[in-house]
Amino acid sequence: MDSLFGMLPLLIPVLIMDIALAAAAVVHILRHPHYRFGNKAVWLVIAIVLLLFGPIIYFAFGKGEKE
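My aim in this report is to walk through the structure given alongside it, one point at a time. Residue numbers restart at each chain and count upward from 1, following the sequence in its written direction. It should be noted that, the model being predicted, local features are given only for residues of pLDDT at least 70 and side-chain atom pairs only at 80 or more, the latter also being counted only at that level, while totals for whole chains, interfaces and linings use all residues. To obtain the side-chain values, all non-hydrogen atoms of the structure were included, while hydrogens and water were left out.

**Some points on the side chain of Asp 18**
Logical step 1: Structurally, the position occupied by Asp 18 is in helix H1 (residues 2-31).
Logical step 2: Exposure classes here rest on a 1.4 Å probe applied to the protein chains alone. A residue is buried below 20% of its type maximum, exposed above 50%, and partly exposed in between. On the accessibility criterion, Asp 18 (11% relative accessible area) is buried.
Logical step 3: Filtering out sequence-adjacent residues up to four positions away, Asp 18 remains in contact with Leu 51 and Leu 52. Numbering goes from the N terminus for both helices and strands, where a helix is a DSSP run of H or I of at least four residues and a strand is a run of E of at least two. Note on contacts: a residue pair qualifies if any of its non-hydrogen atoms lie within 4.5 Å across the two residues.

This is the structure in C-alpha cells:
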C-alpha cells in the first residue's frame, strides 16, 4: 500500500492526461462525420471503454480525412 502512495504523484498527472485525451477523442468523434474505419458508435465505444488506449487508437487509425 505504501508503494501506491509513493507512486501517486506520478499517477495523478497520467490519469488527468488520459481523461483529457479521452474527452478530446469523444468531442472529435461527435463533431466529425467521416472515419477511416467503422462508424461513430464503434469509435465512441472504443474511446470510452478502452480508456487508456482507445483514444490513441482512434487518433492513429480511425480519424478520417479533413474536409
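**Examining the packing of aromatic side chains**
Logical step 1: Paired rings are identified among Phe, Tyr and Trp, the last through its six-membered ring, by centres lying within 6.5 Å, and are further divided according to the angle between planes into stacked (under 30 degrees), edge-to-face (over 60) and tilted (the rest). By the definition in use, this model includes three aromatic pairs.
Logical step 2: Through successive ring pairs, a cluster of aromatic residues spans Tyr 35, Trp 43, Tyr 58 and Phe 59.

**Considerations on the nonpolar core**
Logical step 1: The set of buried Ala, Val, Leu, Ile, Met, Phe, Trp, Tyr and Cys residues whose side-chain atoms join them within 4.5 Å is what this entry labels a nonpolar core. Membership of the largest hydrophobic core is limited to seven residues, which are Ala 25, Ile 29, Tyr 35, Trp 43, Leu 44, Ala 47 and Tyr 58.
Logical step 2: Looking at this core, the element that brings in the most residues is helix H2 (residues 40-49), giving three residues.
Logical step 3: When neighbours within four sequence positions are excluded, Ile 29 is seen to be in contact with Tyr 35, Lys 40, Trp 43, Leu 44, Ala 47 and Tyr 58.

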